[in-house]
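Coordinates in review
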Amino acid sequence: MEERRPQPGERYRHLKGELCQIVAVAVYSETQEELVIYQELYGDFRICAKELNQFLGEADPEKYPDMQKDSDIQKKQRLEKEEQTKKAVGFEKFEKKEENVPLDKTKILIEFLDCDSYEKKLEYLRGNKKYIDDGMLNNISFALDIVIEEGELEDRIRTLENCLKTFCRYEGTRLR
């Protein structure tokens, strides 16, 4: 049975338990070996590469002793918790955070990307503008495959809103 190849846009759980999103499967020109190019959906949102067979293979417990080991029950609980979070958060605005509590930018980015239409993405963006910074804006523009010129943050957010409005206008007429 042939293993399923990662496709751009798919999300995988990193062996440490964190999420990453596939950017592409590339070929290293020197050795012709296939590499998975992915973006970490946590921390600094780095873009990384890993050999395809390593990416799809089992993790070596000696090399990664701290890796997350899920039992079937833990996997089910984690999936249920993720679904509950998606349903609970929906498009509601985040509650005001105390200043000493760090904001989970990964959560905001993932929830934005999980919106299933451009209209919902626009609504989510408008409701959470105050949490958007330059780094997150760069990640959003990368994920949407748009270019937002450097400049003042407010101007860049306005540009993103205009792009989303345009996408909303033409979303239903695109051939799929």
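Refer to the structure presented above.
A brief report on the enclosed structure follows. Just so it is clear, the model here is predicted, and its values are computed rather than measured.

**Re the pairing of strand β4 (residues 47–51)**
Along β4, the buried face is formed by C48 and K50; none of I47, A49 and E51, which line the opposite face, is buried. Two elements, strand β3 (residues 34–40) and β4, share 5 bridges in a ladder whose sense is antiparallel. From the neighbouring strand, Y38 faces β4, where its bridge partner is C48. Where β3 folds back on β4, the antiparallel hairpin that results is connected by 6 residues, among which G43 adopts a positive phi of roughly 60 degrees.

**A few points about the nonpolar core**
Membership of the largest hydrophobic core comes to 22 residues, with the highest contact counts inside it found for F112, I132, I140, L144, L160 and L164. With 5 residues, helix α3 (residues 105–114) is the largest single contributor of residues to this core. Not counting residues up to four positions away in its chain, the partners in contact with L164 are F112, Y118, K121, L122, L125 and L144. Within the second largest apolar cluster, 7 residues are counted, among which are C20, I22, V36 and C48.

**Description of the environment of K121**
Within the secondary structure, K121 sits in helix α4 (residues 118–127). Taking the C-alpha atoms as reference points, K121 and C168, separated by 47 residues in sequence, lie 9.5 Å from one another. When near neighbours in sequence (up to four residues on either side) are disregarded, K121 contacts F112, L113, C115, L144 and L164.

**Side note on the sheet that holds strand β1 (residues 11–13)**
Across a sheet, paired strands are connected by hydrogen bonds in the backbone, their directions being either parallel or antiparallel. Spatially, β1-β2-β3-β4 is the arrangement adopted by the 4 strands of the open sheet, whose pairing is antiparallel. Among the strands making up the open sheet, the edge pair consists of β1 and β4. Neighbour to neighbour, the strand axes of the sheet diverge by 40 degrees on average, direction disregarded.

**Here's the deal with the packing of aromatic side chains**
Under the defined criterion, the tally for this structure stands at 3 aromatic pairs. Aromatic pair Y12 and F55: ring centres 5.2 Å apart, planes at 70 degrees, arrangement edge-to-face. Taken together, the positions of Y12 in strand β1 and F55 in helix α1 (residues 52–56) put the pair 43 residues apart, joining distant regions of the chain. With relative accessibility at 17%, the residue F55 sits in the buried group. Pairing Y118 with F167 gives two aromatic rings, centres 4.7 Å apart and planes at 45 degrees, and the pair type is tilted.

**Focus on unusual backbone geometry**
Its identity as a non-glycine residue notwithstanding, Q32 has a phi of 65 degrees, on the positive side. Its place among the elements puts Q32 in the loop between β2 (19–27) and β3. When its relative accessible area of 56% is taken as the criterion, Q32 is described as exposed. The phi dihedral of F45 falls on the positive side, at around 55 degrees, and the residue is not glycine. The residue F45 is located in the loop between β3 and β4 in this model. The exposure class of F45 is buried, given its relative accessible area of 10%.

Rules used throughout
- Residues numbered from 1 in each chain as written.
- Predicted model: local features only at pLDDT ≥ 70, side-chain atom pairs only at ≥ 80, totals over all residues.
- Heavy atoms only, no water.
- Buried < 20%, exposed > 50% of the residue type's maximum accessible area, 1.4 Å probe, protein only.
- Helix = DSSP H or I, 4+ residues; strand = E, 2+ residues; numbered from the N terminus.
- Pairing = 2+ DSSP bridges.
- Core = buried A, V, L, I, M, F, W, Y, C linked by side-chain atoms within 4.5 Å.
- Contact = heavy atoms within 4.5 Å.
- Axes fitted to C-alpha atoms, helices over the stretch in contact; angles between N-to-C directions.
- Phe/Tyr/Trp six-rings, centres within 6.5 Å; stacked < 30°, edge-to-face > 60°.

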